[in-house]
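Coordinate analysis (summary)
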Amino acid sequence: MSLFDDAEAPAAPSGPSVRVRLQVAYDGRRFHGFAAQAAGVRTVASVLAGAIEKVLRIPSPLALTCAGRTDTGVHAWDQWVHVDLPGEIDVSERALTGLQRRLVKLLAPEVVVRSVGAAPEGWDARHSARSRTYRYTILTSAVPDPFRAGFVWWLPEELDLRAMELACDALVGEHDFSSFCRKQSRSDGEPAPLTRKVARAGWERVGPDVVRFEVQANAFCQQMVRSVVGTLVEVGTGRRRAGEMLGIIRARDRAGAGTVAPPDGLVLWEVAYP
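An account of the accompanying structure is given in this report. Predicted, not measured: the structure shown is a model, and the values here were computed from it. (Residues numbered from 1 in each chain as written. Predicted model: local features only at pLDDT ≥ 70, side-chain atom pairs only at ≥ 80, totals over all residues. Heavy atoms only, no water.)

For the coordinates displayed, the defined rule picks out one cavity of 30 Å³ or more. Approximately 50 Å³ is the volume attributed to the largest cavity. Lining the largest cavity are Leu171, Phe177, Val198, Phe213, Val215, Phe220, Met224, Val225 and Val228. A per-element tally of the lining of the largest cavity places helix α4 (residues 224–236) first, with three residues. (1 Å grid on protein atoms, 1.4 Å probe; cavity = no way out; pocket = protein on both sides within 12 Å on 5 of 7 lines; lining within 4 Å. Points joined across faces, edges and corners; volume = space filled by probe spheres on them. Helix = DSSP H or I, 4+ residues; strand = E, 2+ residues; numbered from the N terminus.)

Now for the pattern of salt bridges. Enumeration over the complete set of coordinates arrives at 14 salt bridges. Its salt-bridge partner being Asp145, residue Arg148 comes within 3.3 Å of it at the nearest N-O pair. Of the charged contacts, one joins Arg212 and Glu204 as a salt bridge, the two residues approaching to 2.9 Å between their closest N and O atoms. Given the relative accessible area of 18%, Arg212 is considered buried. Look at Glu204 and you get partly exposed, because its relative accessible area is 38%. Salt bridges linked by common partners bring Arg30, Arg42 and Glu110 together as one network. (Salt bridge = Lys/Arg side-chain N within 4 Å of Asp/Glu carboxyl O. Buried < 20%, exposed > 50% of the residue type's maximum accessible area, 1.4 Å probe, protein only.)

Turning next to the packing of aromatic side chains. Within this structure, the stated rule accounts for nine aromatic pairs. Pairing Trp80 with Tyr273 gives two aromatic rings, centres 6.0 Å apart and planes at 80°, and the pair type is edge-to-face. One end of the pair, Trp80, is in strand β3 (residues 75–86); the other, Tyr273, is in the segment after β10 (266–272), with 193 residues separating them in the sequence. With respect to burial, Trp80 and Tyr273 carry one shared label: buried. Ring centres 6.2 Å apart and planes at 90° place the aromatic pair Tyr136 and Trp153 in the edge-to-face group. Here Trp153 lies in strand β6 (residues 153–154) and Tyr136 lies in strand β5 (residues 131–139), a separation of 17 residues in the sequence. Of the two residues examined, Tyr136 and Trp153, each falls in the buried class. Grouped by ring-pair contacts, the aromatic residues Trp80, Trp123 and Tyr273 constitute a single cluster. Positioned above the aromatic ring of Trp123 is the side chain of Arg21, whose terminal nitrogen or guanidinium carbon lies 5.0 Å from the ring centre. (Phe/Tyr/Trp six-rings, centres within 6.5 Å; stacked < 30°, edge-to-face > 60°. Lys NZ or Arg CZ within 6 Å of the ring centre and 35° of its normal.)

On to the nonpolar core, then. In this structure, Ile138, Trp203, Phe213 and Val229 are the most contacted members of the largest nonpolar core, which totals 79 residues. Setting aside residues up to four positions removed in sequence, Ile138 forms contacts with Trp153, Leu155, Leu159, Trp203, Asp209, Val210, Val211, Val229 and Val233. (Core = buried A, V, L, I, M, F, W, Y, C linked by side-chain atoms within 4.5 Å. Contact = heavy atoms within 4.5 Å.)

A contiguous patch of positive charge, built from Lys54, Arg57, Arg102 and Lys105, is present on the exposed surface. In this structure, Arg102 sits in helix α2 (residues 93–107). (Patch = residues over 30% accessible without salt bridge, like charges linked within 9 Å, V, L, I, M, F, W, Y side chains within 5 Å. Areas by Shrake-Rupley, 256 points an atom, 1.4 Å probe, with all protein chains shown as cover. Lys, Arg positive; Asp, Glu negative; His and termini not counted. Charge placed at Lys NZ, Arg CZ, Asp CG, Glu CD.)

Printed below as a string of structure tokens:
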């Protein structure tokens with residue numbers, strides 16, 4: 001999963017512009033993450049920007065800023081995006097409702113633009129966000145479910161949910177999550193800080209063979225949620241003890257954490273704004 005808070009924001013267009021915000025859901029299976037990459041790499045941002053350009057007949061490439069830059073294969077239900085459009089674009093409520101409908105027609109069901117509106121002054125999809133919530137779902141049945149494939153981690157093992165819950169206690173609070181994150185660099189070449197503040201984290205059983213992890217934090221770093229889930233699953237299968245989690249965090253050593261969980265079960269579930 002993941003949010004790269006230290007990445008540089010896209011440059012705004014020259015000349016007068018108007019900012020629009022979009023609420024987006026997507027099936028991440030056939031995308032190389034959200035953020036735009038090299039030409040020819042299919043990402044959510046590139047597909048969404050291309051559709052906006054087509055509908056509004058804007059010739060120059062659009063730069064999108066999102067609340068959380070999800071990784072390859074990761075899904076989203078409540079992704080928020082802003083884009084700065086040329087000032088002459090009609091952003092009346094009626095025009096933006098029409099834009100939303102046309103984007104749905106072009107992109108759904110893989111990408112669904114749930115709403116489009118004019119952004120309040122100073123609003124930024126990334127910097128204005130107060131918190132992000134991710135969900136991770138695991139299917140523990142003896143056989144896989146073809147109708148859930150790509151949206152759950154099929155793990156045919158018994159999991160000790162109580163032990164996994166106990167291990168979550170260590171995650172809450174402000175910590176350096178280097179043990180669970182891929183190293184990142186800032187634009188000046190210096191290592192990006194990996195300290196994040198987790199407000200809550202926990203597991204619940206949502207079906208006979210289905211368990212779900214939910215975590216809320218101010219921000220997340222690359223692969224943080226998947227690395228945490230992989231480590232918690234090792235607790236649930238008895239390969240680690242719940243009490244080890246705090247030591248893993250304090251070690252700030254990626255080698256000490258568990259295997260990174262697959263992207264299939266991860267969803268950016270909610271982004272909260274003031």
